[in-house]
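Architecture at a glance
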Amino acid sequence: MTTNPDEPQQPTRRRAPAGAAVLREDVTEAIRAAVFEELAAVGYARMSIEGIARRAGVGKTAVYRRWRSKLHLVLDIVSALAVQGLPAPDTGSLEGDLRLLYEVTSRALRHPIASQVIPDLQAEAARNPDIAEAMQKALREGQDGVATGIVTAAERRGELREGIDHDLALDLISGPLYWRSVVIRSPKLPKGYLGALARATSEGLKAL
């Protein structure tokens, strides 16, 4: 009889389809959450499948049925961040959209787990080209759609000239907050910083 390693066998449970592995989504999500917690606790270098499984409350088999190794697991989760993205602001003004984007991004970057995981993965990316590629994809594409939407909306409203360099605009929008929150890891943003950053970035974009 075929059994599912992710869950205990039940006498009344119907048999899984022949040749098909039934992967419970709640188990998959528990493993994903455990990866972030394990990365924050011990870092990528010391992270192990055993530790992830223990934190998720599952057996190692449940992890290996989904990912071949901890590298594939982390690459999958980091790449998924690019797909999730951020909510697109729609306040009716360039400065308002930027302010809302910075508020949401700041909260995400300063989350206790994210503030530990991102720098650790960046350090690992310097040694591992696969992680470097996944990090670049997640960090750039995760913001690209939102930033492009902000710039495009501002072009339609006439706040920015048509044909603005979107790549340069993305760098200008994302760079300052990422530098302060992730690179130098400022413990606390000064009062009024996000509003001032939104105003300065708005004026900078208009000058492009």
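Conventions and cut-offs
Along each chain, residues carry numbers from 1 onward, in the same order as the chain's sequence is written. Local features in this predicted model are restricted to residues whose pLDDT is 70 or higher, and side-chain atom pairs enter the listing and the counts only when it is 80 or higher, whereas totals over whole chains, interfaces and linings include all residues. For side-chain calculations, the full set of non-hydrogen atoms in the structure is used, while hydrogens and water are omitted. Per residue, pLDDT measures the predictor's confidence, with a range of 0 to 100. Helix numbers and strand numbers start at the N terminus; a helix is a DSSP run of H or I with at least 4 residues, a strand a run of E with at least 2. Throughout, a residue-residue contact means that at least one pair of heavy atoms, one from each residue, lies within 4.5 Å. In this description, a line fitted to the C-alpha atoms serves as the axis of each element, helices being fitted only across the stretch in contact, and the angle between N-to-C directions of two axes falls anywhere from 0 to 180 degrees. The labels follow the angle: roughly parallel below 35 degrees, roughly antiparallel above 145, roughly perpendicular from 65 to 115, and oblique for the rest. For a crossing to be left-handed, the near helix must be turned anticlockwise from the far one by less than a right angle; the clockwise case is right-handed. Ten residue types, Ala, Val, Leu, Ile, Met, Phe, Trp, Tyr, Cys and Pro, are classed as nonpolar, four, Asp, Glu, Lys and Arg, as charged, and the remainder, Gly among them, as polar. We define a nonpolar core as any set of buried Ala, Val, Leu, Ile, Met, Phe, Trp, Tyr and Cys residues linked to one another through side-chain atoms lying within 4.5 Å. The rule is simple: take the accessible area with a 1.4 Å probe, protein chains only, and divide by the maximum for that residue type; under 20% is buried, over 50% is exposed, in between is partly exposed. Any Phe, Tyr or Trp ring, taking Trp's six-membered ring, that has another such ring centre within 6.5 Å forms a pair; planes under 30 degrees apart are called stacked, those over 60 apart edge-to-face, and the others tilted. A ring is scored as having a charge over it whenever the NZ atom of a lysine or the CZ atom of an arginine sits within 6 Å of its centre and within 35 degrees of its normal. Pairs of N or O atoms are called polar contacts if they sit within 3.5 Å, as long as, within protein, a hydrogen donor faces a hydrogen acceptor (for residues adjacent in sequence, only side-chain-to-side-chain pairs).

**A word on the confidence of the model for the protein chain**
- When pLDDT is averaged along the protein chain, the result is 82, and 82% of the positions lie at 70 or above.
- Taking the mean pLDDT of every element in the protein chain, the minimum, 72, falls on helix α4 (residues 70-84) and the maximum, 96, on helix α9 (residues 193-206).
- Residue range residues 8-20 is modelled with pLDDT below 50. Its contacts to residues more than four positions away, or to other chains, number eight contacts.

**Focus: the packing of helix α5 (residues 94-109) against helix α8 (residues 166-183)**
- Look at α5 against α8: their axes get within 11 Å of each other, and the N-to-C directions meet at 30°. By the criterion of interaxial angle, the relationship of α5 to α8 is roughly parallel. Here α5 runs over α8; the crossing is right-handed. In this structure, α5 contributes Leu98, Leu101, Tyr102, Thr105, Ser106 and Leu109 to the contact, and α8 contributes Leu172, Ile173, Leu177, Tyr178, Ser181 and Val182.
- Residues that form the contact of α5 with α8 fall into these classes: nine nonpolar, three polar and no charged.

**Overview of the nonpolar core**
- Ile31, Val35, Tyr44, Ile52, Leu73 and Leu121 are the most contacted members of the largest nonpolar core, which has 32 residues in total.
- Of all the elements in the fold, those that place two or more residues in this core are α1 (25-46), α2 (49-56), α3 (60-64), α4, α6 (112-125) and α7 (129-157).
- For this core, the element with the most residues is α1, which contributes seven residues.
- In contact with Ile31, other than residues within four places in its own chain, are Ile52, Ala56, Val58, Ala62, Val63, Arg66, Trp67 and Leu73.
- Within the second largest apolar cluster, 21 residues are counted, among which are Leu98, Ala169, Leu194 and Leu205.

**Quick word on the packing of aromatic side chains**
- By the definition in use, this model includes zero aromatic pairs.
- A cation over an aromatic ring shows up here: Lys70 above the ring of Tyr44, its NZ or CZ 4.5 Å from the ring centre.
- Looking at Arg180, its charged tip hangs above the ring of Tyr193, at a distance of 4.7 Å from the centre.

**Digging into the side chain of Lys70**
- Of note, Lys70 is situated in helix α4.
- At 3.3 Å, the side chain of Lys70 and the backbone oxygen of Ala45 are in polar contact.
- Ignoring anything within four residues of it in the chain, the contact list for Lys70 reads Tyr44, Ala45, Arg46, Met47 and Ile49.

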